[in-house]
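# Fold and contact review
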Amino acid sequence: MSDNERLDYFYMEKALNSRLTDDNKIVPLPMEQIVIREAQPSDAPAMARINVATWRDSYGKFLPRQLMEELSCSQKQSEIENFFARWEENQAVALVAENKSGEMMAFIMAGKNHRQDLRYMGEIYNLHIAPAFQSRGIGCCLVYRVSQVFRQRNWNTMMVWALAENPSRRFYEKLGGRIIAQDIDKYRGFTAPVIAYGWNKLPICF
């Protein structure tokens, strides 16, 4: 095992065994039960299913009912396929986390920052963990891996947008992100306030 692999293992293990909340029900998954790999266009259907499941589980309480009713796997799959089609343009990074049975548990999509006025180089576009696998350290591992890729590119800063009404956005605060901007996001004819978190040092360590 190389020095970089040992460091990677250390931070992954630390993430999986850390408690990001005071919830006693958190049961971190042993690292040997997680496989993180690069996402492929063929993963789009499974990624879309997780995306829809997490939206309904996390956002249904505060996003418009009509938007949630219109939400579909085919719609999200189309958006994810468009992400893969614009891979080079976005200098994209996409990873999925699977268990040993090959079941996808989570995914992350990232690339270059599209907001030039916010002088951050990398941006996390999407991070979704299937409801059954949340609060087990998987999101920490994916964020760390992406930050590591960005740092290897000499992208020393990173940001992410999160819905202001989503209490799960504090996940980014616990990873050291600080609020850098607020805005209104538009999606399929609906609007919602969003908050941006930024990191000025990569890779993110736990």
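Further up the page is the structure itself.
Residues numbered from 1 in each chain as written. Predicted model: local features only at pLDDT ≥ 70, side-chain atom pairs only at ≥ 80, totals over all residues. Heavy atoms only, no water.

What follows is about the sheet that holds strand β2 (residues 93-98). Ordered in space as β1-β2-β3-β4-β5-β7-β6, the 7 strands form an open sheet in which the pairing is mixed. Of all strands in the sheet, those bounded by a partner on one side alone are β1 (35-38) and β6 (178-187). Each adjacent strand pair in this sheet contributes to an overall mean axis angle of 25 degrees, direction not counted. Taken together, the 3 bridges between strand β4 (residues 122-129) and strand β5 (residues 158-163) define a ladder with parallel strand orientation. When the sheet's bridge partners are listed, Glu123 is paired in β5 with Met159. Running over the sheet, helix α4 (residues 73-85) touches β2, β3 (104-112), β4 and β6 and is turned about 45 degrees from β3. Across the face of the sheet, helix α6 (residues 138-152) comes into contact with β1, β2, β3, β4 and β5 while running at roughly 30 degrees to β3. (Pairing = 2+ DSSP bridges. Helix = DSSP H or I, 4+ residues; strand = E, 2+ residues; numbered from the N terminus. Axes fitted to C-alpha atoms, helices over the stretch in contact; angles between N-to-C directions. Contact = heavy atoms within 4.5 Å.)

Take the packing of aromatic side chains next. Considering all chains together, one arrives at 9 aromatic pairs under this definition. The interplanar angle of 75 degrees and the centroid separation of 5.7 Å between the aromatic rings of Phe83 and Trp87 together place this pair among those described as edge-to-face. Judged by its relative accessible area of 29%, Trp87 falls in the partly exposed class. Relative to Trp87, the ring of Phe84 has its centre 5.7 Å away and its plane inclined at 5 degrees; by these criteria the two rings are stacked. Cluster of aromatic residues (ring-pair linked, three or more members): Phe83, Phe84, Trp87 and Tyr125. Across the ring face of Trp55, the terminal group of Lys76 is positioned such that the distance to the ring centre comes to 3.9 Å. Between the NZ or CZ atom of Arg153 and the centre of the ring of Trp155, over which it lies, the distance is 4.8 Å. (Phe/Tyr/Trp six-rings, centres within 6.5 Å; stacked < 30°, edge-to-face > 60°. Buried < 20%, exposed > 50% of the residue type's maximum accessible area, 1.4 Å probe, protein only. Lys NZ or Arg CZ within 6 Å of the ring centre and 35° of its normal.)

Next up on the list: the nonpolar core. Counting residues in each nonpolar core, the largest one holds 48 residues, and the members touching the most others are Met47, Leu127, Leu142, Val143, Val146, Met158 and Trp199. Filtering out sequence-adjacent residues up to four positions away, Met158 remains in contact with Tyr120, Gly122, Ile124, Val143, Val146, Ser147, Phe150, Tyr197, Gly198, Trp199, Leu202 and Ile204. By size, the runner-up hydrophobic cluster in this structure holds 12 residues, among which are Tyr59, Leu67, Met68 and Leu163. (Core = buried A, V, L, I, M, F, W, Y, C linked by side-chain atoms within 4.5 Å.)

Moving on, we get to the side chain of Asn99. Among the secondary structure elements, Asn99 is positioned in the loop between β2 and β3. Polar side-chain contacts of Asn99 include one of 2.9 Å to the backbone nitrogen of Glu103. The contact partners of Asn99, leaving out residues within four places of it in the chain, are Gln33, Met105 and Phe133. (Polar contact = N/O pair within 3.5 Å; in protein donor to acceptor, adjacent residues only side chain to side chain.)

Another aspect to go through is α6. For α6, with 15 residues, the first-to-last C-alpha span of 21 Å sits near the 21 Å given by 1.5 Å per residue. α6 sits mainly inside the fold: 11 of its 15 residues count as buried. Buried within α6 are the following residues: Ile138, Gly139, Cys140, Cys141, Leu142, Val143, Tyr144, Val146, Ser147, Gln148 and Phe150. Remark: Asn154 follows α6 within two positions and exhibits a positive phi of approximately 65 degrees. (Expected span 1.5 Å × (residues − 1).)

Opposite charge on two side chains lets them pair, provided their charged atoms get close. On inspection of all chains with the given rule, the structure shows 8 salt bridges. Residue Glu89 is joined to Arg86 by a salt bridge in which the shortest nitrogen-to-oxygen separation is 2.9 Å. Residues joined by salt bridges that share partners form a network here, namely Arg37, Asp43 and Glu98. (Salt bridge = Lys/Arg side-chain N within 4 Å of Asp/Glu carboxyl O.)

Purely geometric numbers; function is a separate question.
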